[in-house]
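Commentary on secondary and tertiary structure
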Amino acid sequence: MDKRTFLKTSSILLTGSMLSNLMSCKKADPRTNWAGNLTYSTDNLHIPKNVEELQEAIKKCKKVRALGTKHCFNTIADSKENQISTEAFNKIIGLDKEKNTVTVEAGIKYGEMCKYLDDNGFALHNLASLPHISVAGACATSTHGSGIKNGSLATAVSAIELVNGKGEVVSLSREKDGEEFGAAVVNLGALGIATKITLDVQPTFKMKQVVYQNLPMSALEKNFEAIMSGGYSVSLFTDWRNKNVSEVWVKSKAEDMKEVAPEFYGAKLATKNLHPIEALDPVNCTDQMGVEGPWYERMPHFKMGFTPSSGKELQSEYFVAFEHAYEGFMAIEKLNEKVAPHLFITEVRAIAADELPMSPFYKKTCVAFHFTWKQEVEAVMALLPEIEEALAPFAPRPHWGKIFTLKPAVLQSRIEKLADFKKIMEKHDPEGKFRNEFIETNLFGS
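Given the structure is predicted, the values throughout are model-derived calculations rather than measurements.

Rules used in this analysis
Residues numbered from 1 in each chain as written. Predicted model: local features only at pLDDT ≥ 70, side-chain atom pairs only at ≥ 80, totals over all residues. Heavy atoms only, no water. Helix = DSSP H or I, 4+ residues; strand = E, 2+ residues; numbered from the N terminus. Rg over C-alpha atoms; globule rule 2.2 N^0.38 Å. Buried < 20%, exposed > 50% of the residue type's maximum accessible area, 1.4 Å probe, protein only. Contact = heavy atoms within 4.5 Å. Areas by Shrake-Rupley, 256 points an atom, 1.4 Å probe, with all protein chains shown as cover. Lys, Arg positive; Asp, Glu negative; His and termini not counted. Charge placed at Lys NZ, Arg CZ, Asp CG, Glu CD. Polar contact = N/O pair within 3.5 Å; in protein donor to acceptor, adjacent residues only side chain to side chain. Phe/Tyr/Trp six-rings, centres within 6.5 Å; stacked < 30°, edge-to-face > 60°. pLDDT = per-residue confidence, 0-100. Core = buried A, V, L, I, M, F, W, Y, C linked by side-chain atoms within 4.5 Å. Pairing = 2+ DSSP bridges.

Re the overall build of the protein
- Helices and strands together make up the secondary structure of the protein, namely 12 helices and 21 strands.
- Since a compact globule built from 446 residues should have a radius of gyration of about 22 Å, the 21 Å found for the protein is in line with a globular shape.
- Referenced to the eigenvectors of the C-alpha coordinate spread, the extents of the protein come out at roughly 60 × 55 × 40 Å.
- In the protein, which comprises 446 residues, the proportion classed as buried is 61%.
- The contacts in the protein between residues at least 6 apart in sequence include a share of 72% that link residues at least 24 apart.
- Carbon and sulfur atoms make up 49% of the accessible area of the protein, which amounts to about 17,600 Å² in all.
- When the 53 basic and 56 acidic side-chain charges of the protein are each reduced to a single mean position, those positions are 2 Å apart.

Spelled out as structure tokens, the structure:
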């Protein structure tokens, strides 16, 4: 069985986006996602230049999905009929210094607006590991960044404009539209295609980053929350070998890091910059060693100027309520001999609770177990059910943009507001234009 057939039969086919300079539909060359593990199911690619062209394209298409920056690993953005790239929607519209908001076109990448914000005295509250993802795509999939007191990237959204399945331009805000607004933010591409997003910003700040090495897993039992609260954001990296957390990345506001401790719960301060995978060159990683820099040059793990062209890997990620963080960690550790041979690295982070109905963090602070796998498709797909079963006592939710094998009925049972979301889908997309295989399987399948 070839890789594509295997993934289709697993209902996990992978997703992403390709850019083009054309205004309307064209027969695109075969396109893959960033990781190269998916070739898209259609060669009909639409690249509207403005809202009117987007409306026209949506009205003409019987079925269609939006594409962002190719960083999803499952079929969430795939379509057998039509795809619409948001690459032309990449401008900063305006900064409101009185309301502390910035409005941008939905396809803009975080890395394209951060320096603008900083130059004008503002910052975002959170960023993902990679700054090369689009605002709309990150928010639609509840991509999260890090920090036990920091909500996902989507929690910064205060208003959103989209074109729905009827071709209507719809504007929703946190202030006026309640749960419908929340559904439109983490929308899985199922309500429409976002055109404009307003984000909350805050006064700019400086950050420092330090890395500690070789944290004994035993330190987590009584100190998990304290460790994850040890900075503005904290990441644990492990390959599940030797009951050891190989690296602990601690990012703090400069004003909060007056001194750098030589130890951190038994881990030793690194003496040089490190890559999360210790054997790799850290040249593209954000500066460490306590060197002060702008928030946007410390919050991600990788530099803004470094644009990854491809990444031969697979990614999966599971979220459990933070109260079960240590138990979940140790449940995975029991599978160490099976996991380690197929893994590049696992990252463990915390994300604050939010009020977005389709977010995995809806009303609960979570711990994230993120796996960056070698691109060994069959081995990884065989392992995921074992990891999901190990975490089952803690009702794990998967990242919407990464690979998982949870049965649809199980996933649906863990989404408190799913019925309400389906009603909002029906309102904005009565013909089901945006319902692809991923949506049909995971939200409506059994």
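Description of helix α2 (residues 51–60)
- Listed as buried for α2 are Val51, Glu53, Leu54, Gln55, Ala57 and Ile58.
- Those residues of α2 hidden inside the fold are in contact with β2 (44–46), β4 (83–85), β8 (157–164), β9 (169–173) and β10 (192–200).
- Where α2 begins, one side-chain oxygen reaches toward the backbone nitrogen of glutamate 52, 3.2 Å away; that side chain belongs to asparagine 50.

Some points on the packing of aromatic side chains
- In the structure shown here, the tally under the stated rule is 14 aromatic pairs.
- The interplanar angle of 45 degrees and the centroid separation of 5.8 Å between the aromatic rings of phenylalanine 205 and tyrosine 232 together place this pair among those described as tilted. Linking phenylalanine 205 in the loop between β11 (202–203) and β12 (206–216) with tyrosine 232 in the loop between α6 (220–228) and β13 (233–238), this pair joins segments that are 27 residues apart in sequence.
- For phenylalanine 205, a relative accessible area of 8% gives the class buried.

Regarding the confidence of the model for the protein
- Overall, the prediction assigns the protein a mean pLDDT of 92, with 92% of residues at 70 or greater.
- The model gives residues 1–24 a pLDDT under 50, and that stretch makes 94 contacts with residues more than four places away or in other chains.

Notes on the nonpolar core
- Residues Tyr110, Leu236, Trp295, Phe371 and Trp373 are the most contacted members of the largest nonpolar core, which totals 122 residues.
- Apart from residues lying up to four places away in sequence, tyrosine 110 is in contact with Leu124, Leu127, Pro131, Ile133, Ser134, Val135, Ala138, Cys139 and Leu153.

What about the pairing of strand β20 (residues 366–374)?
- Counting buried residues along β20, eight of its nine residues qualify, which places the element largely inside the surrounding structure.
- Alignment of strand β18 (residues 313–321) against β20, held across nine bridges, turns out to be antiparallel. Residue pairing for β20: phenylalanine 319 is matched across the bridge by alanine 368.
- In terms of strand pairing, strand β19 (residues 343–351) meets β20 through eight bridges, oriented antiparallel. Bridge assignment links arginine 349 to a residue of β20, and that residue is alanine 368.

Considerations on unusual backbone geometry
- Phi angles above zero are rare outside glycine, and asparagine 214 is one such case at about 60 degrees.
- Phi at lysine 243 takes a positive value of approximately 50 degrees, unusual for a residue other than glycine.
- Its relative accessible area of 51% is what places lysine 243 among the exposed residues.

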